[in-house]
Amino acid sequence: MNWVADNLDLIGRLSVEHLRLAALPIVLGFLLAIPLGWVAWRYQLTRGLILTLTGLLYTIPSLALFALLPPLLGISYLSELNVVIALTLYAVAIMARSVAEALGSVDPGTRQAAVALGYAPWRRFWEVDFPLAGPVLLAGLRVVSVSTIALVTVGALLGVDNLGYLFTNGFQRRIVPEILAGVIATMAIALIVDGLLVLLGRALMPWSRRKQPTRVAARSESFGDGANPGGVA
């Protein structure tokens, strides 16, 4: 424990670097997975191909991927960019399936109600499908965040500063508190990010905590009582 007390500044600096390296792949993976997941959900012919290919990405060992990307992309083996691209691919591999499943979880009747109310496809996606798929999307994003934060540590083997340095350095010098500090700090970051995502989900999706009709469904019911002879709900 004396080592931890004497190196709090090092642990803090590496924690900030670790979070910075993890944040970009999480965000990029989420953004890239949305169109892939939508295509997989929308077109059954491509669903199996897209989900299989993205799933195979996650089976590639991280060290092997770090070695494959530089010659393919013309980047340095020992660069942060190599780590960010590899972790983004892993994030997409997990999140694409989550997006497809999230969109598939939306009630078809709600979509039909939105169409009856005059929602164009693009507007319906962002104002109906995407919000209602939010809880499942959030669950997938939480898995991606924890996985990415854990995988960042492997970047230390390439000389990229993060909490993984405490693992490798502590192992080489046989300083057990240093290794434990790296493990605990990594777990703490994962728990904090996960907790923030949960709070963000509650703030942005209050309907996920209440058993009440969605806005579109409620509007369609009132529409069906009068002006709509078909009673679309």
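Everything in this summary refers to the structure shown in the same document. Just so it is clear, the model here is predicted, and its values are computed rather than measured. (Residues numbered from 1 in each chain as written. Predicted model: local features only at pLDDT ≥ 70, side-chain atom pairs only at ≥ 80, totals over all residues. Heavy atoms only, no water.)

This part is about the overall build of the chain. When its secondary structure is counted, the chain shows eleven helices and zero strands. Traced from its N-terminal end to its C-terminal end, the chain shows the element sequence α-α-α-α-α-α-α-α-α-α-α. Surface summary for the chain: the accessible area is close to 12,700 Å², and the carbon and sulfur share equals 68%. (Helix = DSSP H or I, 4+ residues; strand = E, 2+ residues; numbered from the N terminus. Areas by Shrake-Rupley, 256 points an atom, 1.4 Å probe, with all protein chains shown as cover.)

Taken as a whole and assessed by the stated rule, the structure comprises seven salt bridges. For the salt bridge of Arg13 with Asp161, the shortest nitrogen-to-oxygen distance reads 3.5 Å. On the criterion of sequence distance, the pair formed by Arg13 in helix α2 (residues 8-42) and Asp161 in the loop between α8 (134-151) and α9 (164-173) is long-range, its members being 148 residues apart. For Asp161, a relative accessible area of 37% puts it in the partly exposed group. Salt bridges here are not isolated pairs; linked through shared partners, they connect Glu17, Arg20 and Glu80. (Salt bridge = Lys/Arg side-chain N within 4 Å of Asp/Glu carboxyl O. Buried < 20%, exposed > 50% of the residue type's maximum accessible area, 1.4 Å probe, protein only.)

Moving on: helix α7 (residues 121-132). Buried within α7 are the following residues: Arg124, Phe125, Val128 and Asp129. With its buried residues spanning 130 degrees around the axis, α7 presents them on a single face. (Arc of directions from axis to C-beta.)

Time to look at the nonpolar core. Formed by 53 residues in total, the largest nonpolar core has its most connected members in Trp3, Ile11, Met95 and Leu166. Among the secondary structure elements, those contributing two or more residues to this core are α1 (2-6), α2, α3 (44-59), α4 (62-73), α5 (80-104), α8 and α10 (176-204). It is α5 that provides the largest number of residues to this core, a total of 13 residues. The contacts of Met95, once residues within four sequence positions are left out, are Gly29, Phe30, Ala33, Leu137, Gly140, Leu141 and Val144. (Core = buried A, V, L, I, M, F, W, Y, C linked by side-chain atoms within 4.5 Å. Contact = heavy atoms within 4.5 Å.)

Two quantities define a packed helix pair, namely the angle between the helix axes and the distance between the axes. Interhelical geometry of α2 versus α7 gives an angle of 90 degrees and a closest axis separation of 14 Å. One way to sum up the angle between α2 and α7 is to call them roughly perpendicular. Contacts between α2 and α7 involve Phe30, Ile34, Trp38 and Trp41 on the former and, on the latter, Phe125, Asp129 and Phe130. Class assignment of the residues belonging to the contact of α2 with α7 gives a composition of six nonpolar, no polar and one charged. (Axes fitted to C-alpha atoms, helices over the stretch in contact; angles between N-to-C directions. Parallel < 35°, antiparallel > 145°, perpendicular 65-115°, else oblique. Nonpolar A, V, L, I, M, F, W, Y, C, P; charged D, E, K, R; others polar.)

When you line up the elements, Ser145 lands in helix α8. On the basis of relative accessible area, Ser145 is assigned to the buried category, the value being 0%. Separated by 2.8 Å, the side chain of Ser145 and the backbone oxygen of Arg142 make a polar contact. Setting aside chain neighbours within four positions, we find Ser145 in contact with Ile26, Val193 and Leu197. (Polar contact = N/O pair within 3.5 Å; in protein donor to acceptor, adjacent residues only side chain to side chain.)

Secondary-structure assignment places Pro135 in helix α8. With relative accessibility at 35%, the residue Pro135 sits in the partly exposed group. Sequence separation between Pro135 and Trp207 is 72 residues, and the spatial gap between their C-alpha atoms is 9.7 Å.

Nothing here speaks to function; it is geometry throughout.
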